[in-house]
Amino acid sequence: MAEPGLTQPDSTSMGLADSSSVAMISVRGTISPTTTNYINRGIREANELGAECLIIQLDTPGGLLESTKNIVQAFLESDDMPVVVYVAPEGARAASAGTFITMAAHIAVMAPTTTIGAASPVQMGGGQVDSVMKKKIFNYSESFIESIANRRDRNAEWAKSAVRDGESITDAEALELNVIDFIAADREELLAGIDGRVVNGDTLQTRNATITEIPTNLAENLLGFIMRPEVMLILTMIAIYGIIGEVTNPGAIVPGMAGVIALILVLYASASMPINIAGFALIGLAIVLFVAEAFTPTFGILIAGGAVSFFLGALMLFQDLPQSMELSWAWLVPATVLTTLFFVWIVTEGIRVQFANNITGKESMIGKQGEVIEPIDGNSGRIFVNGEYWNAISDEKITEGEACEIIQIDGLTAKVKRSSS
């Protein structure tokens, strides 16, 4: 069946579009808030260019449900700019969130040997949910994809089965089941297939159109990088190390500055992603346990508890993300070990030094090692210590050139003993 407002190519329009242009963006990987921003910008720039349509070349394993909803809404509201989703290149897939996005396009096309489907919401939301909530999510997702299919006059029954049963089909099956409009092996064939179709009353002229590619910009590349779970974990660790390092060593500046910047980036990314708050709470508890070990030595019990708390917190932090965005143990285990060692070595010693009773002035000389430069007895002698010359006395005779240790300071005279080392 043809979509209302979308007709088959008219032979009278063939070859009339030599000077026309189309815009194209490429979406690969997980669907995230950055993807939403990129697609929205692509629609805007395609309008500014006066393009016949916007082609989105898609290859995705799925992504976030909220981002998918925003993209679908942008497609449905794009009355002035027809959106073509092209699942390509060969071997690509429009899985999970990609199914919703493909079916929401004005024109849906697939390359040979590509697949579409497996749109179960468990792959789009992640996390552990109870049976009641899971049923609600499935019911919503079925209704959502059914409404999309009906709006574009595509196979609603298959769409619901892709959500309910996780069904996946090939490009040929998708064409036969009225899930897509046609199959195109390359861009030239794609433009020829689009040419002459009528979308929202406008006839597309794309047969020999010039393709203007719209790449991702610096901000989108940076934010896309930051929102990767492993990068967020690293930023979280930098924030912890930097801020704690600055607290234990005031005036270092660089650790504190790096920690604050990393913390701001983590907070920005977590505001855009469905991060589990309980994970942050456990990581905070881990920091408390690590610091507490410095003041109340428990022979490693608090350190062990902090390590477990950090591991579970990092694991829970990203459990609400879809499977394609989960954080692997190959990241979790080294991060936990490194953080534990950091607190055992740097933080514990730093806090002890920071809050220990300060010993300054002459008293700080007690225990220092020096070199005898004039023989020492009970009445006179001289030593060289810390770049300074001191008068010295001792209960024993110490000859020139021997090493000694300061055991007492009386005015400007040090009482020493022969060094045992």
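Reading guide: rules and limits
Residues numbered from 1 in each chain as written. Predicted model: local features only at pLDDT ≥ 70, side-chain atom pairs only at ≥ 80, totals over all residues. Heavy atoms only, no water. Helix = DSSP H or I, 4+ residues; strand = E, 2+ residues; numbered from the N terminus. Buried < 20%, exposed > 50% of the residue type's maximum accessible area, 1.4 Å probe, protein only. Contact = heavy atoms within 4.5 Å. Areas by Shrake-Rupley, 256 points an atom, 1.4 Å probe, with all protein chains shown as cover. Pairing = 2+ DSSP bridges. Axes fitted to C-alpha atoms, helices over the stretch in contact; angles between N-to-C directions. Polar contact = N/O pair within 3.5 Å; in protein donor to acceptor, adjacent residues only side chain to side chain. Core = buried A, V, L, I, M, F, W, Y, C linked by side-chain atoms within 4.5 Å. Parallel < 35°, antiparallel > 145°, perpendicular 65-115°, else oblique. Nonpolar A, V, L, I, M, F, W, Y, C, P; charged D, E, K, R; others polar.

So, about the overall build of the protein. If you tally the helices and strands in the protein, you get 14 helices and 16 strands. In the protein, buried positions account for 47% of the 421 residues. Across the protein, the fraction of contacts at a sequence separation of at least 24, relative to all contacts at a separation of at least 6, is 67%. Accessible surface for the protein amounts to roughly 20,200 Å². Of this, 58% is attributable to carbon and sulfur atoms.

It is worth spelling out the sheet that holds strand S4 (residues 93–95) at this point. The sheet built from three strands is open, its strands ordered S4-S6-S7 with mixed pairing. Each edge of the sheet is formed by a strand with only one pairing partner; in this case those strands are S4 and strand S7 (168–170). Direction aside, neighbouring strands of the sheet carry axes that sit 15° apart on average. Relative to S7, strand S6 (residues 115–117) runs antiparallel, the two sharing three bridges. Among the inter-strand pairings, glycine 117 is bridged to a residue of S7, identified as serine 168.

Our focus in this paragraph is the side chain of threonine 60. As for its placement among the helices and strands, threonine 60 is situated in the loop between strand S2 (54–59) and helix H2 (65–76). According to the relative accessible area criterion, threonine 60 is buried, its value standing at 0%. Looking at threonine 60, its side chain comes within polar contact range of the main-chain oxygen of glycine 29, at 2.7 Å. Ignoring anything within four residues of it in the chain, the contact list for threonine 60 reads Gly29, Thr30, Ile31, Arg93, Ala94, Ala95 and Gly98.

Strand order in the closed barrel made by the five strands is S12-S13-S14-S16-S15, with mixed pairing throughout. Strand-to-strand twist across the sheet, computed as the mean angle between neighbouring axes with direction ignored, equals 55°. Inspection of the sheet shows strand S12 (residues 369–374) paired to strand S13 (residues 382–385) by three bridges, in the antiparallel sense. Within S13, the position partnered with glutamate 374 by the bridge is arginine 382.

Right, let's talk about the nonpolar core for a bit. Ile56, Phe75 and Val85 are the most contacted members of the largest nonpolar core, which has 47 residues in total. Ignoring anything within four residues of it in the chain, the contact list for isoleucine 56 reads Ile25, Val27, Ile39, Phe75, Val83, Val84, Val85 and Tyr86. If you look at the next biggest cluster of nonpolar residues, it comprises 31 residues, including Val231, Tyr241, Phe310 and Phe343.

So, on to helix H6 (residues 156–164). Note: α-helices contain 3.6 residues per turn, so residues at a spacing of three or four share the same orientation. For H6, the tally of buried residues reaches seven of nine residues, placing the bulk of the element in the interior. Along H6, the residues classified as buried are Ala156, Trp158, Ala159, Lys160, Ser161, Ala162 and Val163. Its side-chain oxygen at 3.2 Å from the backbone nitrogen of glutamate 157, asparagine 155 defines the N-terminal cap of H6. Directly after H6, the chain includes glycine 166, whose backbone phi takes a positive value near 65°.

Angle between the axes and distance between the axes are the two parameters that describe a pair of packed helices. The interhelical angle for the contact between helix H1 (residues 33–49) and H2, taken along N-to-C directions, is 10°, at an axis separation of 9 Å. In terms of orientation, H1 lies roughly parallel with respect to H2. On H2, the residues touching Pro33, Thr35, Thr36, Ile39, Asn40 and Ile43 of H1 are Ser67, Asn70, Ile71, Ala74 and Phe75. Residue composition of the contact of H1 with H2, grouped by class: six nonpolar, five polar and no charged.

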